[in-house]
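# Summary of the model geometry
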Amino acid sequence: MVSGGGSNLRALHAAAERGALGGGEIVVVVSDRPGCSGWAFAEERGIATVDFSSLDGPALAAALAETHGVDVVLLAGFLKLVPAPLCERFERAMLNIHPALLPAFGGKGFYGERVHAAVVASGARVSGPTVHFVTSEYDRGPILAQRAVRVLPTDTAPSLAARVLEAEHELYAEAAAALCAGRVVWREDGVPYYDDGA
Ligand code: GRF
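Owing to the predicted nature of the structure, the values given are computational and were not obtained by experimental measurement. (Residues numbered from 1 in each chain as written. Predicted model: local features only at pLDDT ≥ 70, side-chain atom pairs only at ≥ 80, totals over all residues. Heavy atoms only, no water.)

This paragraph deals with the overall build of the protein chain. Broken down by element type, the protein chain carries 6 helices and 10 strands. Taking 2.2 N^0.38 as the reference for a compact globule, 198 residues should give roughly 16 Å; the C-alpha atoms of the protein chain span a radius of gyration of 16 Å, in line with that estimate. C-alpha atoms of the protein chain, sized along the principal axes, occupy 50 × 40 × 35 Å. Counting across all 198 residues of the protein chain, residues that qualify as buried make up 45%. Here the protein chain displays about 9,700 Å² of accessible surface, and carbon together with sulfur accounts for 51% of that area. (Helix = DSSP H or I, 4+ residues; strand = E, 2+ residues; numbered from the N terminus. Rg over C-alpha atoms; globule rule 2.2 N^0.38 Å. Buried < 20%, exposed > 50% of the residue type's maximum accessible area, 1.4 Å probe, protein only. Areas by Shrake-Rupley, 256 points an atom, 1.4 Å probe, with all protein chains shown as cover.)

Right, let's get into unusual backbone geometry. Here Leu-102 and Pro-103 are connected by a cis peptide whose omega angle stands at 10 degrees. You can see Pro-103 is positioned in the loop between strand E4 (94-98) and helix H5 (113-122). Positive phi, normally seen in glycine, also occurs at Arg-92, with a value near 65 degrees. Along the chain, the position of Arg-92 falls in the loop between helix H4 (84-89) and E4. Arg-92 gets classed as partly exposed once you look at its relative accessible area, which sits at 44%.

Attention now moves to the packing of helix H1 (residues 7-17) against helix H6 (residues 157-180). Packing of H1 against H6 brings their axes to within 9 Å, and their N-to-C directions diverge by 45 degrees. Between H1 and H6, the interaxial angle falls into the category oblique. Considering how the two elements wind past one another, H1 and H6 form a crossing that is right-handed. Within the contact between the two elements, H1 uses Ser-7, Asn-8, Ala-11, Leu-12 and Ala-15 and H6 uses Leu-165, Glu-168, His-169, Tyr-172, Ala-173 and Ala-176. Of the residues contributing to the contact of H1 with H6, the split by class is 7 nonpolar, 3 polar and 1 charged. (Axes fitted to C-alpha atoms, helices over the stretch in contact; angles between N-to-C directions. Parallel < 35°, antiparallel > 145°, perpendicular 65-115°, else oblique. Left-handed = near helix turned anticlockwise from the far one by under 90°. Contact = heavy atoms within 4.5 Å. Nonpolar A, V, L, I, M, F, W, Y, C, P; charged D, E, K, R; others polar.)

Structure, rendered in structure tokens:
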């Protein structure tokens, strides 16, 4: 599910193409902004597209699960709140990527360059992407994976964003592959993890 540039979508698609998405493939792209470059990327490759605004929550959940045979939903720069029926249908099967280390620098209003500007302004020395399961609250679902990216004294929001984005592409493919391959284990207290070989 995308709203914009779709660089994470491209990275996930590339991982699927080289067989590195845990057996997963991208079968449909959903967007609230038909025509955004993530949407155009899907159309160019003959991947099905669904206009988010054309269906209510239950209809969207049914279209994904039944029409398109979706098992896993990946939010990749999707800016709308995910409807509750979709969260329920894809419980423990829907991931989001956030460009900072949650639970800091997350929640409503923390998106795009604002996140990196807040990190730089805070003086934090480490940032990096977080992959987490999606619940109906922004950026609050269980954390699945994180990667540390150093914040340099000379960083601006755009320079930090660019380095974090590179790390996002690797981390998201790795975490999505673990989910697709059924390698995610849930600790008794509700914390998910997978063996990343570290
Ligand atoms: C990424 O920074 C991601 O962490 C956030 O939205 C941005 C999407 O970028 N959720 P792109 O559209 O994948 O290039």
